[in-house]
Structure formats: C-alpha cells, structure tokens
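Residue-level listing of the chains:
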There are 2 protein chains.
Amino acid sequence: MGISKTEIFTDQQNEIAVFAKAFGHPARVAILQHLFKIDTCVCGDLVNEIGLAQPTISQHLKELKNLGLIQGSVEGTRVCYCINPENWTKMKQILSNFLNQDVSIKNDCC
Amino acid sequence: MGISKTEIFTDQQNEIAVFAKAFGHPARVAILQHLFKIDTCVCGDLVNEIGLAQPTISQHLKELKNLGLIQGSVEGTRVCYCINPENWTKMKQILSNFLNQDVSIKNDCC
DNA sequence: TTACTTCATTGCAATATTACGATGAATGAC
DNA sequence: GTCATTCATCGTAATATTGCAATGAAGTAA
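Residues numbered from 1 in each chain as written. Chains lettered and ligands numbered in written order. Predicted model: local features only at pLDDT ≥ 70, side-chain atom pairs only at ≥ 80, totals over all residues. Heavy atoms only, no water.

Going by the annotation in an unreviewed UniProt entry, the name recorded for chain A is Winged helix-turn-helix transcriptional regulator, with Gelidibacter pelagius given as the source organism.

This is the structure:
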C-alpha cells in the first residue's frame, strides 16, 4: 500500500527508521556533508554545490529541517542553514545504539 | 519523478544512502533487532515476532539479504536467518564515519 | 502417493518519494 | 515606485515503496 504500519512497532523502532530515512537519499547526505565541511552556516550556494534544481534542494532542506537536524535563518534575501548540534547529537546516539548492538554473534549458525 | 539522480553524487554518498535506506523502515529495524537479541539464526518465527504478513516479511528479508546485512540458509522446510557480521561491521563503519563528522560547529552562525 | 508446512514469488492497489517548471513572497538595489 | 535576486510553495509526472492475497516451489510426514 506504500504506507508503513508504524503502529505495530515501538516508538524507538519508528524513531530509528525516521532518522535513517533522512540519510536515505544521497542529496541529503551531500547537503549534510557540505554543511559540516563549511563548518558554519551556508547561505545560498547549496543549489550550485549539489546538482539539483532549486525546488528539489528546497524540498530536501525542508525534510532535514522538520527533523530538526538543520536550522535556517533568513539573512536578507538569502536563507542560511547549518547543523543543529543538539539534535544531531541526539540522533547520532539513537542510531549508534542501534548500530553498535553487535555484541557477540555466534558463528555456529547459518 | 520518484527516481534519485544517483549519478551526480559520489559513490560514498550513494553508499551511505543505500545503507541508511535499509534502516528506513521500522519492520527492518525490528527484524535486525530480533536477530541480534536472539544472537543466533532465527528459523521461521519472524512472521509471528513482527506483525506483518508473510510475503511482506519475506520482502524485507530479501532487501536486507541483497545488501548483505543478513544471510540465510535452508534447514528443511524452514529458512534460518542471521546477521552477517563482516558486512554489518563494514556498514557500521561507513555510517559511523558519516555520523561522527561533528568536529566543531561554530556557534556564531544562524 | 496425498496432505501439510514453510517460505519465495507474482500481481496488484494504495501511498510515498523524487524531481522540476511555474509561480509567489520577501527583501535589497535603484 | 520598478526590477532583480533568493528561496518557498504549488502542481504535476514519473518512479519507488509498502502491503497482502493468491500462487508456486520444496521439503516433511503419513
């Protein structure tokens, strides 16, 4: 049906999935990498940096903003974006907990 | 168009996106968590454990298997799945590199 | 053999995502 | 005021994803 049955999963599982989905597109990965590389707010040049049309970039930025991973502020005609450090750290911990659960895989299986 | 323009991004960016997408659905998160919890191969009871229909689970398992994150072996009428430790570690390093790039965010922005 | 179990595959419907042209809103320059 | 710039939003088309019923394939049990 194209709709995920989120109600049968735990809040934690849904939260992991929502954050992971944010990185599930290379454009959003590229946007975040660029914001980290510049290490301050980026004003306007994201469309040139990434190779997609302006409405498409705007849409990806909106998704990242809705998740709280980035924040933007208006500077005249431009809008400046940067990482939201608190929320990035929060997200990182949630995903790291999931990724680091590989305690002890028995090799007497499969 | 529903199709991602992967050709304009680096291999690394596409790789991050592909792995992240694997966790972008709570059912796949739940499957992986269960495999880790059981800590050995799981034979058959995934449909009862997760609350989705059998073809749906089979489809999610196929995606995880195609990415190499899990592996399966036939045991009679049953099929047993477990985490692929090598590929899980590989994936974890790729995603961790991305998540851990928060070196120094200047707070004189935004 | 038949019946049963387990899982994969097919086919389909509903929803989501991606991308962009066109347009609008807000600001700055003049 | 006009004009240009920048970014958001709307509308739409194409593709992807999710979910399940029906069916198929392969094994076990009798």
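A. Geometry of the pattern of salt bridges. Residues and elements named next belong to chain A. Here the structure, examined in full by the defined rule, presents 2 salt bridges over all chains. Taking the shortest distance from any N to any O, the salt bridge between Arg28 and Glu63 comes out at 3.2 Å. With Arg28 in helix α2 (residues 26-38) and Glu63 in helix α4 (residues 54-66), this residue pair connects regions lying 35 residues apart in the sequence. What makes Glu63 partly exposed here is its relative accessible area of 36%. (Salt bridge = Lys/Arg side-chain N within 4 Å of Asp/Glu carboxyl O. Helix = DSSP H or I, 4+ residues; strand = E, 2+ residues; numbered from the N terminus. Buried < 20%, exposed > 50% of the residue type's maximum accessible area, 1.4 Å probe, protein only.)

B. Main features of the relation of the copies chain B and chain A. Structural alignment of chain B on chain A gives an RMSD of 0.0 Å, achieved by rotating through 180° and translating 0.0 Å along the axis. Taken together, the rotation angle and the small translation identify this as a two-fold axis. When the interface residues of chain B are mapped onto chain A, 100% of them again lie at the interface, so the same face is used by both copies. (Least-squares fit on C-alpha atoms with pLDDT ≥ 70 in both. Contact = heavy atoms within 4.5 Å.)

C. Structural context of the nonpolar core. Among the nonpolar cores identified, the biggest contains 60 residues, and Phe23(A), Trp88(A), Phe23(B) and Trp88(B) are the most heavily contacted of them. Here Phe23(A) is in contact with Val29(A), Leu32(A), Leu69(A), Trp88(A), Met91(A), Leu95(A), Ile16(B), Ala17(B), Ala20(B), Phe98(B) and Leu99(B), once residues within four sequence places are set aside. (Core = buried A, V, L, I, M, F, W, Y, C linked by side-chain atoms within 4.5 Å.)

D. Molecular detail of the interface of chain B and chain A. The interface is formed by 49 residues belonging to chain B together with 50 residues belonging to chain A. Overall, the association of chain B and chain A removes approximately 4,400 Å² of surface from exposure, summing both partners, and the carbon and sulfur fraction of that is 68%. Counting across the interface, chain B meets chain A through 0 salt bridges. Along the contact surface separating chain B from chain A lie 8 residue pairs in polar contact (both at pLDDT 80 or more). (Buried area = accessible area lost by both parts, 1.4 Å probe. Polar contact = N/O pair within 3.5 Å; in protein donor to acceptor, adjacent residues only side chain to side chain.)

E. Summary view of the sheet that holds strand β2 (residues 70-75) of chain A. All names here are of chain A. As summarised here, the arrangement of the 3 strands in space is β1-β3-β2, forming an open sheet in which the pairing is antiparallel. Sheet topology places β1 (42-43) and β2 at the edges, where each strand pairs with a single neighbour. Pairing analysis gives 2 bridges linking β1 to strand β3 (residues 78-83), with the strands arranged antiparallel. Counterpart to Val42 in the pairing with β3 is Tyr81. Against the sheet, α4 contacts β2 and β3, and its axis sits at roughly 120° relative to β2. (Pairing = 2+ DSSP bridges. Axes fitted to C-alpha atoms, helices over the stretch in contact; angles between N-to-C directions.)

F. Quick look at the side chain of Asn84(A). Residues and elements named next belong to chain A. As for its placement among the helices and strands, Asn84 is situated in the loop between β3 and α5 (85-99). In this structure the side chain of Asn84 is engaged in a polar contact, spanning 3.3 Å, whose partner is the side chain of Gln71. Beyond its immediate sequence surroundings of up to four residues, Asn84 is in contact with Gly68, Leu69, Ile70 and Gln71.

G. Broad picture of the sheet that holds strand β2 (residues 70-75) of chain B. Residue and element names in this part refer to chain B. The strand order β1-β3-β2 describes an open sheet built from 3 strands, whose pairing is antiparallel. Sheet topology places β1 (42-43) and β2 at the edges, where each strand pairs with a single neighbour. Most of the contacts of helix α2 (residues 26-38) go to strand β3 (residues 78-83), to which it runs at about 85°, and overall it touches β1, β2 and β3. Where helix α4 (residues 54-66) meets the sheet, it contacts β2 and β3, and its direction lies at approximately 120° from that of β2.

H. Highlighting the environment of Val42(A). All names here are of chain A. Following the sequence through the fold, Val42 ends up in strand β1. Here Val42 falls in the buried class, since its relative accessible area comes to 3%. With residues near it in sequence (within four places) discarded, Val42 still touches His34, Leu35, Val79, Cys80 and Tyr81.

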